[in-house]
Amino acid sequence: MVNVDALRGYAADLLEKGQVRAVIGYRRGTAGVLAQPCTIDEAGEAETLVWDPTCLNNLARYLVEDRQQQAAAQTRNKTPDGRPVAIVAKGCDSRAVAVLLQENYLKREDVVIIGVSCEGSGVIDPRKLAARPEGRWASRVDFAGADAFKVTVGGDETLIPARDLLADRCLECRAAAPALNDVLFGEVVTERGLDEPFRAVKAAQGATEDARWATWEHHFDRCLRCFACRAVCPMCYCPECVVDSTTFVNTPGTTAEEKATRIRWCERSASVSESALYHLTRAIHLAGRCIDCGECERVCPVNIPLRLLNTKLEMEAFEQFQYEAGRDFGQASLLSSFRDEDPNSFIR
Amino acid sequence: MPNSSQSPAPEAQAHEPRVVAFLCKWCSSAGSDLAGVSRIQYSANATPITIPCTGSMSPLYVLSAFNKGADGVLVSGCHPGDCHYMEGNYLARRKLYLVKQLLQFVGLEAERFRMSWVSAAEGAKFAEVIDEFVGDLRPLGPQTRLKAKH
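Please read these numbers as outputs of a predicted model, since none were measured by experiment.

Between chain A and chain B, the contact holds 43 residues from the first and 41 residues from the second. Between chain A and chain B the total buried area reaches about 4000 Å² when both faces are included, carbon and sulfur atoms providing 67% of it. Viewed at the interface, chain B and chain A are joined by four salt bridges. Across the salt bridge formed by Asp210(A) and Arg145(B), the nearest N and O atoms sit 2.7 Å from each other. Summed over the shared surface of chain A and chain B, the result is 19 residue pairs in polar contact (both at pLDDT 80 or more). Sorting the residues of the side of chain A that touches chain B by element identifies α7 (199–205), α8 (209–222), α11 (272–285) and α13 (306–321) of chain A as the ones contributing at least two each. Among the elements that line the side of chain A that touches chain B, the one with the most residues is α11(A), at eight residues.

On to the packing of α13(A) against helix α3 (residues 88–105) of chain B. Their axes nearest at 10 Å, the elements α13(A) and α3(B) cross at an angle of 135°. Classified by the angle their axes make, α13(A) and α3(B) are oblique. When the axes of α13(A) and α3(B) are compared, the crossing they make is right-handed. Counting all contacts with α13(A), which are made through Leu308(A), Leu309(A), Lys312(A), Leu313(A), Glu316(A), Gln320(A) and Phe321(A), the residues of α3(B) involved are Arg94(B), Tyr97(B), Leu98(B), Gln101(B), Leu102(B) and Phe105(B).

As a further point, take the packing of aromatic side chains. Counting across every chain of the model gives 17 aromatic pairs over all chains. A ring pair is formed by Phe198(A) and Phe318(A), whose centres lie 6.1 Å apart and whose planes are at 45°; its orientation type is tilted. Here the residue Phe198(A) occupies a position in the loop between β8 (183–185) and α7, and Phe318(A) occupies one in helix α13, the gap between them amounting to 120 residues. With a relative accessible area of 7%, Phe198(A) lands in the buried category. Using a relative accessible area of 31% as the deciding quantity, one classes Phe318(A) as partly exposed. Ring centres of Trp26(B) and Tyr85(B) lie 6.2 Å apart, and the angle between their planes is 80°; this geometry places the pair in the edge-to-face category. With Trp26(B) in the loop between β1 (19–24) and α1 (28–37) and Tyr85(B) in the loop between β3 (72–77) and α3, the pair connects residues that are 59 residues apart, well separated along the chain. Residue Tyr85(B) is classed as partly exposed on the basis of its relative accessible area, which comes to 40%. An aromatic cluster of three or more residues is present, and its members are Tyr26(A), Trp51(A), Phe143(A) and Phe149(A). Its end group placed over the ring of Tyr105(A), Arg67(A) keeps NZ or CZ at 4.3 Å from the ring centre. In this structure, Arg174(A) packs its charged tip against the face of Phe318(A), placed 4.8 Å from the ring centre.

Further remarks concern the nonpolar core. Ranked by internal contacts, the top residues of the largest apolar core, which has 135 residues, are Val23(A), Trp51(A), Val97(A), Val62(B), Leu96(B) and Leu103(B). Examining the composition of this core, we find that eight residues originate from one element, α3(B), more than from any other. When residues of this core are assigned to domains, at least three map to each of domain 1 (1–193) and domain 2 (196–342) of chain A. With near-sequence residues (within four places) excluded, Val97(A) lies in contact with Ala60(A), Leu63(A), Ile87(A), Val111(A), Ile113(A) and Leu180(A). Core analysis: the next-biggest nonpolar cluster, separate from the first, contains twelve residues, Ala21(B), Phe126(B), Phe133(B) and Val134(B) among them.

Over the atoms rolls a probe the size of a water molecule, and in doing so it shows where empty space is left. All names here are of chain A. If you add up the space inside the largest pocket, you get close to 890 Å³. With four residues, α11 is the single largest residue contributor to the lining of the largest pocket. Looking at the lining of the largest pocket residue by residue, the classes come out as 16 nonpolar, seven polar and twelve charged. Residues lining the lining of the largest pocket come from more than one domain, with at least three contributed by each of domain 1 (1–193) and domain 2 (196–342).

Take the sheet that holds β3(B) next. Residue and element names in this part refer to chain B. Taken in spatial order, the four strands of this open sheet run β2-β1-β3-β4, and their pairing is parallel. Lying at the two open borders of the sheet, with one neighbouring strand each, are β2 (46–51) and β4 (113–117). Neighbour-to-neighbour, the strand axes of this sheet turn through a mean angle of 20°, independent of strand direction. Sheet topology places β1 next to β3; five bridges connect them, and they run parallel. Its bridge partner lying in β3, Ala 21 is registered against Leu 74. Running over the sheet, helix α2 (residues 59–67) touches β1, β3 and β4 and is turned about 150° from β3.

The next point concerns helix α4 (residues 123–137) of chain B. All names here are of chain B. Its 15 residues place the ends of α4 21 Å apart at the C-alpha level, agreeing with the 21 Å of an ideal helix rising 1.5 Å per residue. Within the span of α4, buried status applies to Gly 123, Lys 125, Phe 126, Ala 127, Val 129, Ile 130, Phe 133, Val 134 and Leu 137. Its buried side turned inward, α4 meets β1, α1, β2, β3 and β4.

Calculation notes
Residues numbered from 1 in each chain as written. Chains lettered and ligands numbered in written order. Predicted model: local features only at pLDDT ≥ 70, side-chain atom pairs only at ≥ 80, totals over all residues. Heavy atoms only, no water. Contact = heavy atoms within 4.5 Å. Buried area = accessible area lost by both parts, 1.4 Å probe. Salt bridge = Lys/Arg side-chain N within 4 Å of Asp/Glu carboxyl O. Polar contact = N/O pair within 3.5 Å; in protein donor to acceptor, adjacent residues only side chain to side chain. Helix = DSSP H or I, 4+ residues; strand = E, 2+ residues; numbered from the N terminus. Axes fitted to C-alpha atoms, helices over the stretch in contact; angles between N-to-C directions. Parallel < 35°, antiparallel > 145°, perpendicular 65-115°, else oblique. Left-handed = near helix turned anticlockwise from the far one by under 90°. Phe/Tyr/Trp six-rings, centres within 6.5 Å; stacked < 30°, edge-to-face > 60°. Buried < 20%, exposed > 50% of the residue type's maximum accessible area, 1.4 Å probe, protein only. Lys NZ or Arg CZ within 6 Å of the ring centre and 35° of its normal. Core = buried A, V, L, I, M, F, W, Y, C linked by side-chain atoms within 4.5 Å. Domains from an automatic or database assignment. 1 Å grid on protein atoms, 1.4 Å probe; cavity = no way out; pocket = protein on both sides within 12 Å on 5 of 7 lines; lining within 4 Å. Points joined across faces, edges and corners; volume = space filled by probe spheres on them. Nonpolar A, V, L, I, M, F, W, Y, C, P; charged D, E, K, R; others polar. Pairing = 2+ DSSP bridges. Expected span 1.5 Å × (residues − 1).

Following this line, the structure appears as structure tokens:
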């Protein structure tokens, strides 16, 4: 079991000694059963930190936001506080931090990773919980070993099999403990056996070509282009997105000719072709970088199974190139390295 | 939009595929040139775009070509070991393998995206590659899946 009191003590100690600027973690949410992300900068607030199966968010996103704020402060000629930030990280979150380190987006000394192990379990899928009669009014969800969750409804506690509530990505997870950490709470459990890795992708690609397109056409057609998937992704940190140009904004001085000759890779209309271009571009940009935290899929307001696009490429990276994103922040990135024995038979 | 008042519809003819061919300037582009000066007869369906190296291919070029109505996209570069920049074609091979897998995964016809290695001396191979590609694309008809509808 993760000792939450020890976790709080460690965070309070870091803040008290002034070793970190802030701690990014989870606290009890105000709406419903889910925990919410929080940033604490006083030792006294460390008491509010929690760790339970409702800590869904990938907090690495906030490291990205923090770095952007630091950079913005620098441009305003303010000297930012150079102390590191501590982050409470699950297995998948720590892999996200590893990718950010690999890409030199962060420096190792700028982040303190407080690892928490999922201990053979994982986080819940709130949709699966809400679909159950007792889950509707649940006030708490706790770990109860690797095989079950303890769900509290009113004063009653029920045990629900872990398999029924776990998020899809947790079922397929291969490393449920943070390999990259400065301190680790909980035990490292590597044997899981809940589901085989990449099962959902393999099932999806078993369909015929026409059926696959029918499915994805349906999904791309429903996309609202709200960009929630991009906003939540810890890897989507480009200052300018290909679908959302900030350099080519129309001003009163923009001539008609400039507008006509400007390169537009992707229109803003939410049509099948443009949404396809957006999602496929995003999937390719995440090739070898996606650590399968499933956040894009979780935040999608129209339930597009976005995880499939990313895990498809991660599966190819793993099977063809023996590459796992976030395994080691010293490794060369997937697309900047090659081997002589890479697949060649598809080339004429 | 069939209109009975018009003369027989031109759609009765087979659809002529339009191929966008991204050719490395150090090899395949010269190879296509050789095919031309050698007066080899081959399909005129390909629109060549010369790029500095296949390593410079952005997946966005491929997606954008399909978005703008290409029936097929060909990327052709130097044989492994022959890259002018030492490793550009190896990097392209990895990257475009993933693009091909992704396009197939969402259900674009597998035949529509192709890669080839054509050196500057292989004019005949270039002609073969184009002929073969166009021949494979013809039965598929127009590419409608990723093409913009506006």
